[in-house]
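Residue-level listing of the chains:
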Amino acid sequence: ALETIDVHKEAQELKHCLSGGRRVFEVSVNPQPSFDTFKSQMRSAKERNVRLLHLAGHGESRCGFFWLKEQAVSTEYEEVSLDTFIGILKTELAGANGGTIECVVLNACETEDMGKKLRGAGVSHVVCWRSEVQDDTAREFALQFCASLNEQDPTWPRDYSRAFQHAVARIGSGGGGARAKAKHVA
């Protein structure tokens, strides 16, 4: 059994954060998707000019994310191999493939191995967690990361590294509602 987390709250807060002000990002939310839904969304990522893919949920180092089962009535999850996940995502990466995705946020416990494999597959920027993380801490980090992106000049390419550094500093200094040691986020 997996701990209950509030991915809907995170989705709504991120949508509010990124849709306000200058509207630098157009936000599409698919809370708790099945892997089939994820595959479907990836097929249209280039046409929708997806630059940032944010995944929130349950994670584990050996399999990456737990995906909601397609026909689940409650919260039944399935594991999908990292190779399968990366194979689908790899077709939509910015660069040689002609895709648009340049940053992937893995906002779930123990996603560092998954992050390393994504970097090896060609994702320019990956944000992940080395350890287990509390839901409130992960959500606050994501909000600080996206707020920093939203504060950047919209005429320049996004500086994901700077946004990461800002988010780590803000949650580490008590600037957010939750604290996390920087060593846990990668």
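What counts and what doesn't
The numbering scheme is per chain: residues are counted from 1 as the chain's sequence reads. Thresholds applied to this predicted model are a pLDDT of at least 70 for local features of residues and 80 or more for the giving and counting of side-chain atom pairs; totals over whole chains, interfaces and linings are not thresholded and use all residues. Water and hydrogen atoms play no part in the side-chain values, which are based on all heavy atoms of the structure. Nonpolar cores were defined as sets of buried Ala, Val, Leu, Ile, Met, Phe, Trp, Tyr and Cys residues, with membership established by side-chain atoms within 4.5 Å. Residue exposure (1.4 Å probe, protein chains only): buried if accessible area is under 20% of the type maximum, exposed if over 50%, otherwise partly exposed. Only DSSP runs of H or I covering at least 4 residues are called helices, and only runs of E covering at least 2 are called strands; the numbering of each starts at the N terminus. Contacts: residue pairs with any heavy atoms within 4.5 Å of one another. The angle between two axes is taken between their N-to-C directions and runs from 0 to 180 degrees, where each axis is a line fitted to C-alpha atoms and a helix contributes only its stretch in contact. Oblique is the label for every angle not falling under 35 degrees (roughly parallel), over 145 degrees (roughly antiparallel), or within 65 to 115 degrees (roughly perpendicular). Definitions for this section: a left-handed crossing has its near helix turned counterclockwise from the far helix by less than a right angle. A right-handed crossing has that turn clockwise. Each residue gets one label: Ala, Val, Leu, Ile, Met, Phe, Trp, Tyr, Cys and Pro are nonpolar, Asp, Glu, Lys and Arg are charged, and the others, such as Gly, are polar.

S.K.: I keep staring at the nonpolar core and nothing clicks. Help me out?
M.R.: Taken as a class, soluble globular proteins show a tendency for nonpolar side chains to be buried jointly. Core analysis: the biggest nonpolar cluster contains 25 residues, and Phe85, Leu89, Ile101, Leu106 and Leu118 have the highest contact counts within it. Secondary-structure elements contributing two or more residues to this core are α2 (35-43), β1 (52-56), β3 (64-68), α3 (82-90), β5 (103-107) and α4 (112-121). In terms of residue count, the dominant contributor to this core is α3 (4 residues). Filtering out sequence-adjacent residues up to four positions away, Leu118 remains in contact with Phe85, Ile86, Leu89, Val104, Leu106, Val123 and Val126. In this structure, Val127, Trp129, Leu149 and Ala167 belong to the second largest nonpolar core, which totals 21 residues.

S.K.: Honestly, the packing of helix α5 (residues 135-151) against helix α6 (residues 160-172) in this entry has me stumped. Any pointers?
M.R.: Two measures define how a pair of helices packs: the angle their axes make with one another and the distance between the axes. Relative orientation of the contacting elements α5 and α6 amounts to 135°, with a least axis distance of 8 Å. With respect to α6, the axis of α5 lies oblique. Our pair here, α5 against α6, has a crossing hand that is right-handed. Counted together, Glu140, Phe141, Gln144, Phe145, Ala147, Ser148, Leu149 and Glu151 of α5 and Tyr160, Arg162, Ala163, Phe164, His166, Ala167, Val168, Arg170 and Ile171 of α6 form the full contact between these two elements. Split into classes, the residues belonging to the contact of α5 with α6 amount to 10 nonpolar, 3 polar and 4 charged.

S.K.: What should I look at first to understand the environment of Leu106 in this one?
M.R.: Mapping Leu106 onto the fold places it in strand β5. In this structure Leu106 comes out as buried when scored by relative accessible area, which is 1%. Separated by 51 residues in sequence, Leu106 and Leu55 have C-alpha atoms that sit 5.2 Å apart. Sequence-distant contacts of Leu106, that is, excluding residues within four places in its chain, are made with Leu55, Phe65, Thr111, Met114, Gly115, Leu118, Val126, Val127, Cys128 and Trp129.

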